[in-house]
Amino acid sequence: MALTKVDQTMVNDQVFGRRNVVTNGGMQVAQRGTQTGLGATSAVYGATDRFSIVTNGIAGRMTIEQSTDTPSGFGNSVKLSCTTADTSLAAGDYLSFSTRLEGRNLQRFAKGTSDAEKFAVSFYVKANANATYVCELYDYDNFRHVNQTFSVTTSWTRVELSFPADTTGTLDNDSNLSFAINIYLHAGSNFTGGTLQSTWGTGYRATGTDNFFDSTSRTLFLTGVQLEVGDNATPFEHLTFGEELALCQRYFH
């Protein structure tokens, strides 16, 4: 059988190699198991490794668990379920579902330089009812962020978001926290009281988000989380369970 040589002009990290800088985006690894009553603690890891709940001042409570309800091509998702409602939002209240990234894995974005690259974020979501939430990229090294709303329906859909390049503020090249993807599900007026920060800066972070805690029937399923260089999202980069587990074990404690 004849072999075809790959055209080198087509080879780039948008098509080949490890495009996704998010660990466990397919929610395969869940070393902590189901977590209940979450909401009171300011930051706690949930069921699926590398993803956490970050809160402030909320009365609502939730359960996080690994689920087998998924879109085609996936074996697992993470399920968030409201167990105690909170319809009275104080100004400083917020809830985000987040994954945090070390600077050493983000140098490919050339952030803070004249060669800065755009950020493509994608994930699959489903809920018990239609809702709007906010996705944020947050630069912890320079305290800058950029945000976009997205829609959720009762069917699995893939959200694809393109965030602008940022020529201000380089990311540290070390193993410390440099960056996060935050999904805002609940927020008070300190975060929603003005125009959403849709370019890199320091403005309002959750304007337009619905309240996940408005009813105990609220659920949210999420999987296939990917962050990569470029204008457009590419198909989710699946790793084997063994690869994902090894990557998660580096952080798990």
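Report on the accompanying structure. Keep in mind the model is a prediction, meaning the values are calculated, not measured.

**A closer look at the overall build of the protein chain**
- Each helix and strand counted, the protein chain has two helices and 12 strands in total.
- Mapped in sequence order, the helices and strands of the protein chain form the string β-β-β-β-β-β-β-β-β-β-β-α-β-α.
- The principal-axis extents of the C-alpha atoms in the protein chain amount to approximately 65 × 40 × 35 Å.
- Considering the protein chain as a whole, with its 253 residues, one finds that 49% of them fall into the buried category.
- Of all intrachain contacts in the protein chain linking residues separated by at least 6 positions in sequence, the fraction that spans at least 24 positions is 74%.
- Surface exposure of the protein chain reaches about 11,100 Å², of which carbon and sulfur atoms provide 47%.

**Describing unusual backbone geometry**
- A positive phi angle, near 65°, is found at N24, a position not held by glycine.
- Note on placement: N24 falls in the segment before β1 (35–38).

**Observations concerning the sheet that holds strand β12 (residues 219–229)**
- Pairing within the open sheet is antiparallel, and its six strands lie in the order β1-β4-β5-β12-β7-β10. Both outer strands of the open sheet, β1 and β10 (157–163), are each paired with one neighbouring strand and no more. Across the sheet, the mean angle from the axis of one strand to that of its neighbour is 25°, orientation sign disregarded.
- Where strand β5 (residues 77–84) meets β12, four bridges bridge the pair, whose relative direction is antiparallel. Within β12, the position partnered with V78 by the bridge is L222.

**Focus on the packing of aromatic side chains**
- In total, this model carries 15 aromatic pairs according to the counting rule given.
- Aromatic side chains Y138 and Y140 sit 4.8 Å apart centroid to centroid with 65° between the ring planes, which places their arrangement in the edge-to-face category.
- For Y140, a relative accessible area of 25% gives the class partly exposed.
- Taken together, the ring pairs in this structure connect F109, F119, F179 and W200 into an aromatic cluster.
- Its end group placed over the ring of F221, K126 keeps NZ or CZ at 5.2 Å from the ring centre.
- Directly above the ring of Y251 sits R250, whose terminal nitrogen or CZ lies 5.1 Å from the centroid.

**Describing the nonpolar core**
- Counting 46 residues, the largest nonpolar core has L80, F123, F212 and L227 as the members making the most contacts within it.
- Beyond its immediate sequence surroundings of up to four residues, L227 is in contact with R19, N20, V21, V22, L101, F109, F119, A120, V121, F179 and I181.
- Membership of the second largest hydrophobic core comes to eight residues, among which are Y94, Y184, L196 and A206.

Basis of the calculations
Residues numbered from 1 in each chain as written. Predicted model: local features only at pLDDT ≥ 70, side-chain atom pairs only at ≥ 80, totals over all residues. Heavy atoms only, no water. Helix = DSSP H or I, 4+ residues; strand = E, 2+ residues; numbered from the N terminus. Buried < 20%, exposed > 50% of the residue type's maximum accessible area, 1.4 Å probe, protein only. Contact = heavy atoms within 4.5 Å. Areas by Shrake-Rupley, 256 points an atom, 1.4 Å probe, with all protein chains shown as cover. Pairing = 2+ DSSP bridges. Axes fitted to C-alpha atoms, helices over the stretch in contact; angles between N-to-C directions. Phe/Tyr/Trp six-rings, centres within 6.5 Å; stacked < 30°, edge-to-face > 60°. Lys NZ or Arg CZ within 6 Å of the ring centre and 35° of its normal. Core = buried A, V, L, I, M, F, W, Y, C linked by side-chain atoms within 4.5 Å.

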